[in-house]
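What the coordinates show
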Amino acid sequence: MMSSPNINYSSLAEANPFRENEQHDEATTKADDAKSFTAAAHLDPLNDHEPENEDTPRNSGIMIHMVPETGRARWNHIEDLDSFFSRMYNYQQKHGFQVIILDEVFQVLEFGFVVWLLTFVTYCIRHDVLFGDALPPGNHTKTTLSDVIRPTGECVTQISWFAYLVIFIAAIYLGFRVLKMIYHITQYADIKKFYNTALGIEDSDLDNTTWHEVQQRIRKVQAEQHMCIDKESLTELDIYHRVLRFKNYLVALMNKQLLPVRFHLPFLGEICSLSRGMLFNIDFILFRGPGSPFQNNWQLRDEFAVRSNQTELAQRLSKLILCVALVNLLLAPVIFIWQLIYFSFSYANILRKEPSALGLRTWSNYGRLYLRHFNELDHELDARLNRAYEYADRYLSSFSSPLAAVIARNLLFVSGGLLLLILAFGIYEEHVFQVEHVLTIIAVLTVVGVVCRTLIPDENMIWCPEQLMTAILAHVHYLPTEWKQHAHTALVRNEFSNFFQFKAGYLLSEIFSPFVTPFVLILVFRPKAMEIVKFFRTFTVSVRGVGNVCSFAQMDVRKHGNPDWQLNSDLEEFAKPQQTSLVGGKTEMSLVRFTLNNPEWQMPKEASLFIKGIREHAIEELVHAKTSTIHENPLTHSLISFGTIGEEYCSIANSVLATQLSPAQMELSQSLRPGGYPVAGSDFRQMLQQNLTASVGPLDSMRRLRLSKAEGRLEGPADTLLYSLYGVEPRLSKNPMSVGVADMCLSALYLHELSQQKRKARQSRIVEMEDEQPGPSHWQRPPGAGGAAPQPPSASSSRHNVITSKAAESTPLLGSIRS
């Protein structure tokens, strides 16, 4: 008798106020159909309902027994798809089961090693003999290890009761870590089976498989086995929502300036920092802890849907933040000691070989979250920031303080002289190195020399901050618009250094964060409890088959688009504050990047029109520049900036410029602007190519990555802005994936140019409106009127009021919070 696997067809998410017109009866109908389809059936010769493809003859007398595929049926209706897809992503990025398990085991062993080492060093070593303050027990001249290390029995008797208490607590924590490790092993063993059986990908093939390919195979498995029963099929955006649900909320909170990243410290002034400890606490408070707004991985608490509950929810969230802060304050000394030991052990060998490593820079946690797109996975963000690393490092290195350089040169001279003297004496007589604290002096002088060398500028460096900042913008995509044409100033340099900080500064902020985090939570984050509650209530939507997600992560340019980044907005609309938009073109830029990396995604109509509008507008400007006497427009500026990033980018820009206008481009331009353009003997190509000759980037600016870290699909995007400008479909590069990278760089520069053009047009309209107002004579006091005459509003103040109303860009419930 034919049987079907036991499938639970209950809905993943219960009915809640955030759902948007869900068809609950559809899921029930599909479940009934599936059960009917898999019902037991005996092939009776009299049965008229014969299957179309029947391999067994009717009258053979054979009874068919269908055995369910247990390896496949077990993937039906996975309750927590968020955790499942997240583990799948980690499995692919961390190179498979063996690597993950080995890493888990070593993490546990590292903690045990630290506890053993500290206990051994404190109680099992005769420090007086080790440091030469006492003679060895046998009174012999040569000190051996047995003279320094105590016997086991003596060592145990030396341990105090407080040390036993600490060891006992550490043992309990170690036990929890072991249980957690075992749990992770079982979970990843399940993921391994899914990769090997359902997806057909062996661990040895993971490094040669892109996440895009894994994602497409997941969609096929969904169509066959219904891992999520609320939807017939999963889209690329559904999978991204599952993996990045909480990360998207953090990106939106950062854009709305609701995260505690800026605060004042005594004697230091304003600090911009976001440590890993702070991120862990925020994640615990808002998403994963008891009492957090989310009741599980995919559903916000129902109380947030009721406006009258806001005050109570804000008070509850405020108490939760206070409790977490107090626990952090209580555990601060322990966490501080652990982090100090952990970072010391991690970087000791590196600093011994390369002390200059502390002078290197790294992207800060604040910068990574500020620059992150919606629906951008970790490896996609890393690849983008890695491409911008060299430009960012060169930009900050181009700044130097003349005063600091003079002091550093003299300190370097003095420290070098002392170091040379000690080394010379040591070479002559090796007993010099046995003198007390000589090695300490050598180490200190070496560190002083390293620090001084970082403060001395390179004499051969070329000063080009604007070009470097443009190259940075092309890759990171988000920088404040006020920085344009001000990259040479100290203000921009200091602000950018918050994104791209010294490794030493990063380590110090992480080590001392246990003492800072509790006060930041209480004094900075806790007062924002009401605004955070309003944010979750206002910007949470329910997506069928996914659950509650941040509405900004839907990348709806109609609902959350910024008028400054829209092509079809009127100037009158610019003066109105957009209450649901984000600054910096976050929604628009995220949409462009997501469509390039996921070309199969069926985007909504509004998104499709936005993408199409950008490309059509670019073609129109290209035709205008090549056929008219006016060459300057946002596209030509973008192409000039794009070509100066690197050699490969310059080659692609020249490929676009060298082609003749295609009939399709001319026809599209005529349809967009009837009447066409005046044709002139233009030196357009020569003018642009002269600007493209100087490149500030490295020879191989498009860095090659292993396939598991690649962005998008292996074949590259199907339709891009570059293809539209090029006029034909052939690839512009030998590596198709590089086309997606280059196209996103050009798109980012082009959108920024269009946004700047929109803001200038808005400013011009504001000035025209001011000029139309009555002059100062209108404000003079009437004859015989008492009191002082009212002062006429100045142009600067009027302009400031109008612009501020747009820049506030607050949500309906967040007041005038600047975003």
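Every value quoted in this text rests on a predicted model; they were computed, and no experiment measured them.

1. Comments concerning the overall build of the protein chain
- From N to C terminus, the protein chain includes 31 helices and six strands.
- Looking at the protein chain as a whole, 43% of its 819 residues are labelled buried.
- Considering only residue pairs separated by 6 or more positions, the protein chain has 76% of its internal contacts joining residues 24 or more positions apart.
- Carbon and sulfur atoms provide 59% of the accessible area of the protein chain, an area that totals close to 42,700 Å².

2. Description of the environment of Asp103
- Here Asp103 shows up in helix H4 (residues 97-123).
- Accessibility expressed as a relative area gives 38% for Asp103, which makes it partly exposed.

3. Regarding unusual backbone geometry
- Even without being glycine, His477 reaches a positive phi, approximately 75°.
- Mapped onto the elements of the fold, His477 is located in the loop between helix H17 (465-476) and helix H18 (490-499).
- For Gln485, which is not glycine, the phi dihedral falls at a positive 65°.

4. A few points about the state of the cysteines
- This model, assessed by the stated rule, comprises one disulfide.
- Through a disulfide, Cys124 is tied to Cys155; the S-S separation comes to 1.6 Å. One end of the pair, Cys124, is in the loop between H4 and helix H5 (127-130); the other, Cys155, is in helix H7 (residues 152-158), with 31 residues separating them in the sequence. The same class applies to Cys124 as to Cys155, namely buried.

5. A closer look at empty space enclosed by the protein
- Within the structure shown, the criterion is met by four cavities of 30 Å³ or more.
- Taken together, Val592, Leu596, Ile611, Ile614, Arg615, Leu721, Asp743 and Ser747 form the lining of the second largest cavity.
- With three residues, the top contributor of residues to the lining of the second largest cavity is helix H24 (residues 605-627).
- Taken together, the residues that form the lining of the second largest cavity break down as five nonpolar, one polar and two charged.

6. Side note on the packing of aromatic side chains
- In the structure shown here, the tally under the stated rule is 44 aromatic pairs.
- Geometrically, the ring pair formed by Phe246 and Phe287 is stacked, given 4.5 Å between the ring centres and 15° between the ring planes. Remark: Phe287 occurs in helix H11 (residues 276-288) and Phe246 occurs in helix H10 (residues 236-255); sequence separation between them is 41 residues. A single burial state applies to Phe246 and to Phe287, both of which are buried.
- Each ring, one from Trp483 and one from Phe496, has its centre 6.3 Å from the other, and the planes form 75°; the classification is edge-to-face. With Trp483 in the loop between H17 and H18 and Phe496 in helix H18, the pair connects residues that are 13 residues apart, well separated along the chain. Summarising the burial analysis for this pair, Trp483 and Phe496 share the class buried.
- Members of the aromatic cluster, joined through ring pairs, are Phe246, Tyr249, Phe287, Phe294, Phe304, Phe374, Phe535, Phe536, Phe539 and Phe552.

7. Description of the pattern of salt bridges
- Applying the stated rule across the entire model yields 22 salt bridges.
- A salt bridge links Arg126 to Glu154; the shortest N-O distance between them is 3.3 Å. With Arg126 in the loop between H4 and H5 and Glu154 in helix H7, this pair connects stretches of sequence that are 28 residues apart.
- In this structure, the salt-bridge partner of Asp382 is Arg368, at a minimum N-O distance of 2.7 Å. Of this pair, Asp382 sits in helix H14 (residues 378-397) while Arg368 sits in helix H13 (residues 365-370); the two residues are 14 residues apart in sequence, bridging distant segments of the chain.
- Through salt bridges that share partners, Asp82, Arg242 and Arg245 make up one connected network.

8. Topic: the pairing of strand E2 (residues 269-272)
- As defined by bridge partners, strand E1 (residues 262-265) adjoins E2 across four bridges and the pair is classed as antiparallel. Bridge assignment links His264 to a residue of E2, and that residue is Glu270.
- Joining the antiparallel neighbours E1 and E2 is a turn of three residues, in which Phe267 adopts a positive phi near 70°.

9. A word on the UniProt feature "transmembrane region" (unreviewed entry) in the protein chain
- In this structure's numbering, the residues bearing the UniProt feature "transmembrane region" (unreviewed entry) are residues 161-179, 320-345, 403-426, 438-456 and 504-525.
- Secondary structure content for residues 161-179 is 100% helix and 0% strand, and the end C-alpha separation is 27 Å.
- With 95% helix and 0% strand, residues 438-456 has its two end C-alpha atoms placed 27 Å apart.

10. Some points on the environment of Phe111
- Topologically, Phe111 is positioned in helix H4.
- The spatial distance from the C-alpha of Phe111 to the C-alpha of Tyr173 is 9.5 Å, given a sequence separation of 62 residues.
- Not counting chain neighbours up to four residues away, the residues in contact with Phe111 comprise Ala170, Tyr173, Leu174 and Trp338.

11. Here we look at the packing of helix H3 (residues 81-93) against H10
- For the pair H3 and H10, interaxial distance at closest approach is 9 Å and the crossing angle is 95°. Of the possible angle classes, the one that applies to H3 and H10 is roughly perpendicular. Along the contact surface, H3 presents Leu81, Asp82, Phe85 and Ser86, while H10 presents Ile239, Arg242, Val243 and Arg245.

12. A short note on H3
- With 13 residues, H3 should reach 18 Å at 1.5 Å per residue; the first-to-last C-alpha distance of 18 Å fits that figure.
- H3 sits mainly inside the fold: 10 of its 13 residues count as buried.
- At its buried positions, H3 is contacted by H4, helix H8 (161-198), helix H9 (211-225), H10 and H14.
- Phi for His95, located one or two positions after H3, is positive at around 75°.

13. Here's the deal with a nonpolar patch on the surface
- A surface patch of nonpolar side chains, about 1,100 Å² in accessible area, is lined by Trp161, Phe162, Leu165, Val166, Phe168, Ile169, Ile172, Phe176, Leu179 and Ile182.
- Relative to the helices and strands, Phe162 resides in helix H8.

14. Some remarks on the confidence of the model for the protein chain
- Looking at the protein chain as a whole, the pLDDT averages 76, with 74% of positions reaching at least 70.
- Here residues 570-577 scores under 50 on pLDDT; set against residues more than four positions off or in separate chains, the count is 17 contacts.
- Below a pLDDT of 50 lies the segment residues 776-819, which in the model reaches 70 contacts outside its immediate sequence neighbourhood of four places, other chains included.

15. Focus: the side chain of Glu753
- Take Glu753: it is sitting in helix H30 (residues 736-771).
- Judged by its relative accessible area of 12%, Glu753 is buried.

About the thresholds
- Residues numbered from 1 in each chain as written.
- Predicted model: local features only at pLDDT ≥ 70, side-chain atom pairs only at ≥ 80, totals over all residues.
- Heavy atoms only, no water.
- Helix = DSSP H or I, 4+ residues; strand = E, 2+ residues; numbered from the N terminus.
- Buried < 20%, exposed > 50% of the residue type's maximum accessible area, 1.4 Å probe, protein only.
- Contact = heavy atoms within 4.5 Å.
- Areas by Shrake-Rupley, 256 points an atom, 1.4 Å probe, with all protein chains shown as cover.
- Disulfide = S-S within 2.5 Å.
- 1 Å grid on protein atoms, 1.4 Å probe; cavity = no way out; pocket = protein on both sides within 12 Å on 5 of 7 lines; lining within 4 Å.
- Points joined across faces, edges and corners; volume = space filled by probe spheres on them.
- Nonpolar A, V, L, I, M, F, W, Y, C, P; charged D, E, K, R; others polar.
- Phe/Tyr/Trp six-rings, centres within 6.5 Å; stacked < 30°, edge-to-face > 60°.
- Salt bridge = Lys/Arg side-chain N within 4 Å of Asp/Glu carboxyl O.
- Pairing = 2+ DSSP bridges.
- UniProt positions renumbered as here; feature names shortened; annotations may be inferred.
- Axes fitted to C-alpha atoms, helices over the stretch in contact; angles between N-to-C directions.
- Parallel < 35°, antiparallel > 145°, perpendicular 65-115°, else oblique.
- Expected span 1.5 Å × (residues − 1).
- Patch = residues over 30% accessible without salt bridge, like charges linked within 9 Å, V, L, I, M, F, W, Y side chains within 5 Å.
- pLDDT = per-residue confidence, 0-100.

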